[in-house]
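Structural description and commentary
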Amino acid sequence: MRISNLLLPTLREVPAEAEVISHQLLLRAGFMRKAAAGVYTLLPLAWRVVRKIEQIIREEMDRQGGQEIMMPIIQPAELWQESGRWDVYGPELFRLKDRHGRDFCLGPTHEEIITSLVKGEVNSYKQLPLLLYQIQNKYRDERRPRFGLMRGREFIMKDLYSFDRDQAGLDVSYNKMYEAYTNVFSRCGLQFRPVVADSGAIGGSDTHEFMVLAESGEATVLYCGDEKCGYAANQERAETFSAASPITNALEQLQTVATPGCRTVNEVTELLNVPPEKIIKTVIYTTDKENVAAMVRGDREINEIKLYNALDCVRLDLADEQTVQSVTGAPVGYAGPVGLSGVRLVADPEITKMVNAVCGANEKDKHLVNVNPQRDFKPDVIIDLRLVKAGEPCPHCGSELHEARGIEVGQVFKLGTKYSKALGGTFLDENGKAKPYVMGCYGIGVTRTMAAAVEQNYDDRGIIWPVQIAPYHVIVVPVSNKDQKLLQAAETIYNGLNATGVETVIDDRPERAGVKFNDADLVGYPVRVTVGSKGLANGQVELYLRRDGETVLVPLNNVVGAVKAKLRQMD
Ligand code: ATP
Ligand code: MG
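Residues numbered from 1 in each chain as written. Chains lettered and ligands numbered in written order. Predicted model: local features only at pLDDT ≥ 70, side-chain atom pairs only at ≥ 80, totals over all residues. Heavy atoms only, no water.

**Some details on the overall build of the protein**
Within the protein, the secondary structure is distributed over 17 helices and 31 strands. Its C-alpha atoms give the protein principal-axis dimensions of about 95 × 65 × 50 Å. Relative to its 571 residues, the protein shows a buried fraction of 52%. Within the protein, residue pairs in contact and separated by at least 24 positions form 69% of the contacts whose partners lie at least 6 positions apart. Once the 67 positive and 75 negative side-chain charges of the protein are each reduced to a mean point, those two points are 4 Å apart. (Helix = DSSP H or I, 4+ residues; strand = E, 2+ residues; numbered from the N terminus. Buried < 20%, exposed > 50% of the residue type's maximum accessible area, 1.4 Å probe, protein only. Contact = heavy atoms within 4.5 Å. Lys, Arg positive; Asp, Glu negative; His and termini not counted. Charge placed at Lys NZ, Arg CZ, Asp CG, Glu CD.)

**Looking at the packing of aromatic side chains**
Summed over the entire model, instances satisfying the criterion amount to eleven aromatic pairs. Their ring planes at 35° and their centres at 5.6 Å tell us that Phe-31 and Trp-465 sit as a pair that is tilted. Of this pair, Phe-31 sits in the loop between helix H1 (21–28) and strand S1 (32–36) while Trp-465 sits in the loop between strand S26 (462–463) and strand S27 (474–478), and the two are 434 residues apart along the sequence. Across this residue pair, the class does not change: Phe-31 and Trp-465 are buried. With a centroid separation of 5.4 Å and an interplanar angle of 55°, the aromatic rings of Tyr-181 and Phe-210 are classed as tilted. Remark: Phe-210 occurs in strand S10 (residues 207–213) and Tyr-181 occurs in helix H6 (residues 167–187); sequence separation between them is 29 residues. Through a chain of ring-to-ring contacts, the aromatic side chains of Tyr-178, Tyr-181, Phe-185, Phe-192 and Phe-210 assemble into a single cluster. The residue whose ring lies beneath Arg-193 is Tyr-223, and the NZ or CZ to ring-centre distance is 4.3 Å. Looking at Lys-414, its charged tip hangs above the ring of Tyr-174, at a distance of 4.8 Å from the centre. (Phe/Tyr/Trp six-rings, centres within 6.5 Å; stacked < 30°, edge-to-face > 60°. Lys NZ or Arg CZ within 6 Å of the ring centre and 35° of its normal.)

**Examining helix H17 (residues 559–570)**
Counted at 1.5 Å a residue, the expected span for H17 with its twelve residues is 16 Å, and the 17 Å between its end C-alpha atoms agrees. Of the residues making up H17, those classed as buried are Val-559, Ala-562, Val-563, Lys-566 and Leu-567. The buried side chains of H17 occupy one side of the element, clustering within an arc of 135° when seen end-on. Pointing more than 90 degrees away from the buried face of H17 are the exposed residues Arg-568 and Gln-569. In this fold, the buried residues of H17 make contact with S27, helix H14 (484–499), strand S29 (527–531), strand S30 (540–545) and strand S31 (551–555). (Expected span 1.5 Å × (residues − 1). Arc of directions from axis to C-beta.)

**Observations concerning the layout of surface pockets**
Approximately 340 Å³ is the volume attributed to the second largest pocket. Around the second largest pocket sit 20 residues that line it, and Arg-263, Thr-282, Val-283, Gly-333 and Tyr-334 are the ones nearest its centre. If you list the elements that add at least two residues to the lining of the second largest pocket, you get helix H7 (265–272), strand S14 (280–287) and strand S18 (357–360). If one sorts the elements of the lining of the second largest pocket by residue count, S14 sits on top with five residues. (1 Å grid on protein atoms, 1.4 Å probe; cavity = no way out; pocket = protein on both sides within 12 Å on 5 of 7 lines; lining within 4 Å. Points joined across faces, edges and corners; volume = space filled by probe spheres on them.)

**Focus on H7**
Among the residues of H7, Val-265, Val-268 and Thr-269 are the ones counted as buried. When H7 is viewed along its axis, its buried side chains cluster within an angular range of 100° and face the same direction. In this structure, H7 carries Asn-266 and Glu-270 as exposed residues pointing more than 90 degrees from its buried face. Those residues of H7 that are buried lie in contact with S14, S18 and strand S19 (366–371). The positive-phi residue at the C-terminal boundary of H7 is Asn-273, with phi of around 55°.

**Overview of the nonpolar core**
Membership of the largest hydrophobic core comes to 65 residues, with the highest contact counts inside it found for Phe-31, Tyr-181, Phe-185, Trp-465 and Tyr-525. The two domains that each donate at least three residues to this core are domain 1 (3–239 + 402–455) and domain 3 (472–570). With near-sequence residues (within four places) excluded, Phe-31 lies in contact with Leu-26, Thr-41, Leu-42, Leu-43, Leu-45, Ala-46, Val-49, Ile-463, Trp-465, Pro-471 and Val-523. Membership of the second largest hydrophobic core comes to 25 residues, among which are Ala-77, Leu-132, Leu-423 and Met-439. (Core = buried A, V, L, I, M, F, W, Y, C linked by side-chain atoms within 4.5 Å. Domains from an automatic or database assignment.)

This is the structure:
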């Protein structure tokens, strides 16, 4: 391809709306343009990258026995009503009506469609296991579309669904996909980590997220400092163990004390001169069913995902001031579990080990001291609610946990029989007995993976594509467009490389060498071949390697061999 013909609109300025590096660089380097919030057109180079990622994914899915299909993007509401998700999915679901007024949605995921498909076609245990996948645009009306391709409203996803006879079969399919994902992200040249993830209210099911480690990641990952242990979890799910010592102090008498204007843990600790771990932090929430008082120690934070999972509810919100007033009889900042009725009391296990603690008195400007949970109140639920942080002990081995930011590029999930039961998807086993399929689902964000690759591979001059997914491998740059001999040599190299399968562009624009070099660095081709008159006079051209900035002179008669050797080293 000739740069003079290529739609590659590079920009000099950093676009104002772009907050993260991948968004900035993919716009600046001419890979994409915005059509609407969270909706982008991918230009030729981006599309080449996407197709390479897709190809790697296809090969790894097929290797595990996956069969590629293509399901409809438009999905009838009836299936979503049957699974119960039409109401639960909320405003993220793009909904539409056809000319007859029937409801449809644009697929954010395909469990309903595929279960109903398989239900019609697969009736015997002999047809299982079955792994079906597709690579397709997905639609989610995200509350905050942002960071370019990272969180779009339209994006490309690979989704695979596994159908097995039983749990043991699902375990096998899950492990296959886990291995396939590891291969995919390794082959894309990414640094990543599979982490234990939250499976939502279904609970108990295994799920892992594949996280590309990068500063801009929206997720927090906690991982064990001991590499041999290998524990790693999304913070939403991360556990630790409670090091609280057994109760030895005598229980003192409960008292009310004045704490005027003290609403926060900090204010109360200062006034009463107690450490934060002596305080029962009580936070009021509302759900679609009830009001909830959640309790953690004053030096901890509440993990709202854990709280949500503990509460069989659809919606969980922090209570507003009015609700707090009506639930506790006091303004925000004075809630406490003692004598609190009409709300569900949910306590972290650490709370039950506290002695002579401090909590709000459910009265303005008042707190209680010498609160003893085992004596003064009874939680309805005792469950891990704690947001685990770096520095706390690993739940497996006790070593210190570390924290990193991660971009979720993929997730593998054991669904079990949730959808097969809801939609009546069954097969007959050896004894002729009808059983629901045991299912798994497995997604990879293709466009998000491209953005994540940029987040991990750039410098102040631009993108540095991993060679495996680079849009082109090589750019040939004649430094002058006036010297015919030089142009001729550049053309010969360009043709020679392409003829042997090295994906090569030539910058044939009548631009200064500096402009061409800057654009090449911005776009991020792994290798640049610079053809200059001085080198030519000695029968040489220069190879410049984008990642490490190394330059080497190679003889004109072995450019193809030298380039191929360098590319092999990068692979
Ligand atoms: P997130 O928590 O980031 O919203 P998710 O857990 O809802 O993602 P899944 O349903 O697991 O996403 O989808 C599978 C994959 O699709 C994700 O791992 C991610 O790579 C990608 N993905 C999800 N939402 C988006 C989006 N809005 N834009 C781009 N890619 C996305
Ligand atoms: Mg996910």
